[in-house]
Each structure stands twice: as structure tokens, then as C-alpha cells.
Amino acid sequence: MLHNKLSYPTIAFLFLWVMNATQAHAQTKNYRFQAFYILNFTKYIEWPKQDNDRFVVGVLGSQYTSRTISRTLSGRKIASNGSTIVVKRFPSISQIKDCDILFVSANSTNNIRRVIRKTTGHSTLIVTEKEGFIGKGSCINFVVKNRKMRYEINPPQINHFGLTVKNDKILTLAVNTPIHQNATE
């Protein structure tokens, strides 16, 4: 009987380790799923004409988050213009620059207004995954509704960044579309 030879602290440690491993696997699955959503957003949002052949997806978050998104998206092509996706990690808000989409992970910042200020003037789609961020300036925010990954969308904020919703399907698939929520006003 193995449990008679293991101490309570050892059993507790093993239990927590299994729980953390399970949560890490679930989060990896979420980031992969979110990465595919991000790829699909490029079909419905229009960026100003670009002269280069790269489409940069920035990640404000941990190396783990960035690595998972990078494995899913790097090297894929944007259907509308044939650009190749490059994923860049930004460890802090001050390092954000030159990205077409910026994914802000839930654990990376509570200061979405600073992110908005840093990206204003650039054609950057801000995608977040934190409750309430759609009303604080995010363009698209991932949410879980009825145990399913969904997204909220803020068209006025998308327009604020010089982007255009080119297909209304993205609006009809969102769980809510605020009439007007702009954190920069």
C-alpha cells in the first residue's frame, strides 16, 4: 500500500502538482484556441495598407503565453494580403511597438489604459482576456460563457485604432457588442 508510506505533505504536494499540471494543460489549450480566434479576426478586420510582408502579433505576457501563441501562429499566412505572421513577446508595456495585433494576457497587466495610450496612433487591434476590459478600451476581449470560449467586441474602439470591421459576421458571433465604449475619451 503506497499511501501508507507517503507522508501527508508528500501526498498534498503530489495533489497540488497534478492540479497545476492539469490547469497548465487547460491554459495551453485556451491559448491555442485564442490564437486560432486571433487568426480568424484577421479575416474580418481591415488594416491600412502595409508595405512589408510581415504581420506582427505581439504578446504582452509571460514567456509561456507567448511561446504557446507563437507555436500556433508563427509562419501562418494572412489570407487577405499573404503576409506571414511573426509573434513578438513584450515583457512590459514600455516595450510594446510595431505590432498589428496585441494580445494582452490576463496575468500581465491591470493597466489597460497604459496599453491603450502606448498603442494609440498605431493600427493595432488590442485583444484581451480579462473581465471588464472591453469597457476599458480593448477592441476584442475573450470571455467564458456557459463554459465556452467566446469574445466581446468594441467596434468604436476598433475604429479608434484606424481599423475597419470589413465583415459583420465578427459582430454577429460576439457575445455582446457595446454601442459605444471608448477608454480614450
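Preceding this paragraph is the structure being described.
Since the model is a prediction, treat every value here as computed from it, not as a measurement.

How should I be thinking about the packing of aromatic side chains in this particular structure?
In this description, an aromatic ring pair is defined by two values, namely the gap between the centres and the angle between the planes. According to the stated counting rule, one finds nine aromatic pairs in the structure shown. Residues Tyr37 and Phe41 carry aromatic rings whose centres are separated by 6.0 Å and whose planes lie at 45° to one another, so their mutual orientation is tilted. Within this pair, Tyr37 and its partner Phe41 are both found in helix α2 (residues 8–44), separated by four residues, close to a single helical turn. Both residues of the pair, Tyr37 and Phe41, count as buried.

How should unusual backbone geometry be read in this particular structure?
With the exception of glycine, the majority of residues adopt a negative phi angle, and the majority of peptide bonds are in the trans configuration. For Asp98, which is not a glycine, the phi torsion comes out positive at approximately 50°. With respect to the helices and strands, the residue Asp98 is situated in the loop between β3 (84–90) and β4 (101–104).

So what exactly am I meant to see when it comes to the side chain of Asp100 here?
Relative to the helices and strands, Asp100 is located in the loop between β3 and β4. No salt bridge is formed by the buried Asp100; its nearest oppositely charged neighbour, Arg54, is found at 7.7 Å. Apart from residues no more than four positions distant in its own chain, Asp100 is found in contact with Trp47, Gln50, Arg54, Phe55, Val56, Ser123, Thr124 and Leu125.

How should I be thinking about a positive patch on the surface in this particular structure?
Among the surface-exposed residues, Lys97, Arg113, Arg114, Arg117, Lys118 and Lys136 lie close enough to one another that they form a single positively charged patch. One can find Arg117 in helix α4 (residues 112–119). For Arg117, a relative accessible area of 58% gives the class exposed.

Is there a simple way to explain the nonpolar core in this structure?
As a rule of thumb, soluble globular proteins bury nonpolar side chains together. If you look at the biggest cluster of nonpolar residues, it comprises 46 residues, and the most contacted ones within it are Phe41 and Leu125. Per-element tally for this core: the top contributor is α2, with seven residues. Each residue touching Phe41, except ones within four places of it in the same chain, is listed here: Leu125, Val127, Ile140, Phe142, Tyr151 and Ile170.

It is not clear to me how the pairing of β4 should be interpreted in this structure. Could you clarify?
In regular strands, side chains alternate between the two faces of the sheet. Residue alternation in β4 divides its side chains into two sets, Ile101 and Phe103 and Leu102 and Val104, and both sets are buried. Pairing between strand β2 (residues 54–60) and β4: four bridges, direction parallel. Following the sheet pairing, Leu60 is matched in β4 by Val104. Two strands pair when backbone bridges link them, and β4 and strand β5 (residues 125–128) are joined in this way by four bridges, in the parallel orientation. Pairing of Phe103 across the sheet is with Val127, part of β5.

Here is what the cut-offs are and how they apply
Residues numbered from 1 in each chain as written. Predicted model: local features only at pLDDT ≥ 70, side-chain atom pairs only at ≥ 80, totals over all residues. Heavy atoms only, no water. Phe/Tyr/Trp six-rings, centres within 6.5 Å; stacked < 30°, edge-to-face > 60°. Helix = DSSP H or I, 4+ residues; strand = E, 2+ residues; numbered from the N terminus. Buried < 20%, exposed > 50% of the residue type's maximum accessible area, 1.4 Å probe, protein only. Lys, Arg positive; Asp, Glu negative; His and termini not counted. Salt bridge = Lys/Arg side-chain N within 4 Å of Asp/Glu carboxyl O. Contact = heavy atoms within 4.5 Å. Patch = residues over 30% accessible without salt bridge, like charges linked within 9 Å, V, L, I, M, F, W, Y side chains within 5 Å. Areas by Shrake-Rupley, 256 points an atom, 1.4 Å probe, with all protein chains shown as cover. Charge placed at Lys NZ, Arg CZ, Asp CG, Glu CD. Core = buried A, V, L, I, M, F, W, Y, C linked by side-chain atoms within 4.5 Å. Pairing = 2+ DSSP bridges.

Purely geometric stuff here, so don't read any function into it on its own.
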